[in-house]
Amino acid sequence: MRSLLLCSRNVATCCRNILSFANNNPGRHDMIKTLSTQTQPQTEIEKKETVSLNPIHHEDYFQVKKMVTVKDLFNARVHYGHKEGSLNEYMVPYIFGSRMGHLIFDLDQTLKMLHQALNVAAHIAYRDGVILFVTQSPQHCHLIEKTAQECKEFVHTRSWRQGMLTNSTMMFGAVTRLPDLIIMFSTLTTVLDNHQAVVEAAKMAIPTIAVVDSNSNPNIITYPIPGNDDSAVSIQLYCRLFKEAILKGKAERKRVLEMYKGQSSDS
């Protein structure tokens, strides 16, 4: 009990000495206050730099919504569909109307679904996933191959051999890593036939992103994008957007890995 009383007296004496020193030296007191206010934001910045946010907890972590607008889609002629007679019944909710016998897409819905698809592609690239571009259109294959090369991803622009996903081990003679995401610029190989990659990806539970025109079935695609899949200018827009989204995901992954590497070396 006596030791506790002595300790409390010492604490009280120290407090009185600190207060008297601050009152007798106002300049020192102001300097201490300024130093404390200057160092506090630096600690907050350091915390922000060391703590990495989980991208999955944010709606638009890679800011893909700033990449494209409705005006960009309109200028790229994404709103042009096929003739009214070729309309797929499952595409009716995405149609704005028709003009001179040709269907017009609702670009507000197209933009929303395009943002979702770009966000998925960026997240897959951030997680170091394998992305496969697929098309059988001879007039667009060169552009899509160039886009895949610039992204350092994979591409298939030839005729699809049955079993490339479902029977890949027997076909290639070794255990093959399947893609984590397939991006398609058209779901049809002919007027009525679906691309075989869509069927095999569904069997192997591989998510797909695809541009679905007015004569396509959006229900067989994980992330459909209602829009024109024929014109060169629209394909150029899609390629540019997917390349930018994938590169954003890879750049963020590189930044986070370097940050963790620097923290481990410091510790």
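Residues numbered from 1 in each chain as written. Predicted model: local features only at pLDDT ≥ 70, side-chain atom pairs only at ≥ 80, totals over all residues. Heavy atoms only, no water.

**So, the side chain of Thr187**
Short version of the rule: The secondary structure listing takes helices from DSSP runs of H or I that are at least 4 residues long and strands from runs of E that are at least 2 residues long, numbered from the N terminus. In protein, a polar contact means a hydrogen-donor-capable atom and an acceptor-capable atom, both N or O and within 3.5 Å, with residues adjacent in sequence counting only if both atoms are side-chain atoms; elsewhere, any N or O pair within 3.5 Å suffices. In this description, contact between two residues means that some pair of their heavy atoms is separated by no more than 4.5 Å.
Turning to its location among the elements, Thr187 is positioned in the loop between β6 (181-184) and α7 (196-203). A polar contact is formed between the side chain of Thr187 and the side chain of Ser216, at a distance of 3.3 Å. In this structure, Thr187 is in contact with Asp193, Asn194, His195, Ala210, Val211, Val212, Ser216 and Ile221, ignoring residues within four places of it in sequence.

**Here's the deal with the pairing of strand β4 (residues 131-134)**
Let me state the cut-off plainly: Burial classification: accessible surface area is computed with a 1.4 Å probe over protein chains only, and a residue below 20% of its type maximum counts as buried, one above 50% as exposed, and the rest as partly exposed. A strand pair is defined by DSSP finding two or more bridges across the two strands. Look down the strands so they point away from you; if the path from the first strand over the helix to the second goes clockwise, the crossover is right-handed.
Because side chains alternate across β4, one face comprises the buried residues Ile131 and Phe133, and the other comprises Leu132 and Val134, equally buried. Inspection of the sheet shows β4 paired to β6 by four bridges, in the parallel sense. For Leu132, the partnering residue across the bridge sits in β6 and is Ile182. Pairing analysis gives three bridges linking β4 to strand β5 (residues 154-156), with the strands arranged parallel. Paired with Leu132 across the two strands is Phe154, which belongs to β5. Each parallel crossover has a hand, and the one from β4 via helix α5 (residues 141-151) to β5 is right-handed.

**Concerning the confidence of the model for the protein chain**
Definition in use: Confidence of the predictor at the level of single residues is given by pLDDT, which spans 0 to 100.
Per-residue pLDDT for the protein chain averages 84, and the proportion of residues at 70 or more is 80%. Averaged over each element, pLDDT in the protein chain is lowest for helix α2 (residues 26-50) (44) and highest for β6 (98). Per-residue pLDDT stays below 50 along residues 1-8; that stretch engages in zero contacts with residues further than four places along the chain or on separate chains. Note that pLDDT drops below 50 for residues 28-51; the model gives that stretch six contacts with residues more than four away or on any other chain.

**Quick look at the nonpolar core**
Using the following cut-off: Put simply, a nonpolar core is a bunch of buried Ala, Val, Leu, Ile, Met, Phe, Trp, Tyr and Cys residues held in one set by side-chain atoms that sit within 4.5 Å of each other.
Residues Leu118, Phe133, Ile183, Phe185, Ile209 and Phe242 are the most contacted members of the largest nonpolar core, which totals 39 residues. Mapped onto this core, the elements with two or more residues apiece are α4 (107-126), β4, α5, β6, β7 (208-212) and α8 (232-266). At eleven residues, the largest contribution of residues to this core is made by α4. The contacts of Phe242, once residues within four sequence positions are left out, are Ala117, Leu118, Ala121, Phe133, Ile183, Phe185, Ile209 and Ile225. If you look at the next biggest cluster of nonpolar residues, it comprises 20 residues, including Tyr94, Met164, Ile206 and Ile221.

**Re the sheet that holds β7**
The following threshold applies: Angles shown run from 0 to 180 degrees and are taken between the N-to-C directions of axes, each axis being a line fitted to C-alpha atoms and, for helices, limited to the stretch in contact.
Judged by pairing direction, the sheet is parallel, and its five strands sit side by side in the order β5-β4-β6-β7-β8 without closing on themselves. The strands lining the two open edges of the sheet, one partner per strand, are β5 and β8 (223-226). Between one strand axis and the next, the sheet turns by 20 degrees as a mean value, whatever way the strands run. Its contacts with the sheet put α5 on β4 and β5, and the angle it makes with β5 is roughly 165 degrees.

**Notes on the pattern of salt bridges**
Put simply, the rule is: Salt bridge criterion: a side-chain nitrogen from Lys or Arg within 4 Å of a carboxyl oxygen from Asp or Glu.
By the definition in use, this model includes eight salt bridges. Notably, a salt bridge pairs Asp128 with Arg253, separated by 3.9 Å at the nearest N-O pair. Pair noted here: Asp128 is in the loop between α4 and β4 and Arg253 is in helix α8, with a separation of 125 residues, a long-range link. Of the residues examined, Asp128 reaches a relative accessible area of 46% and is grouped as partly exposed.

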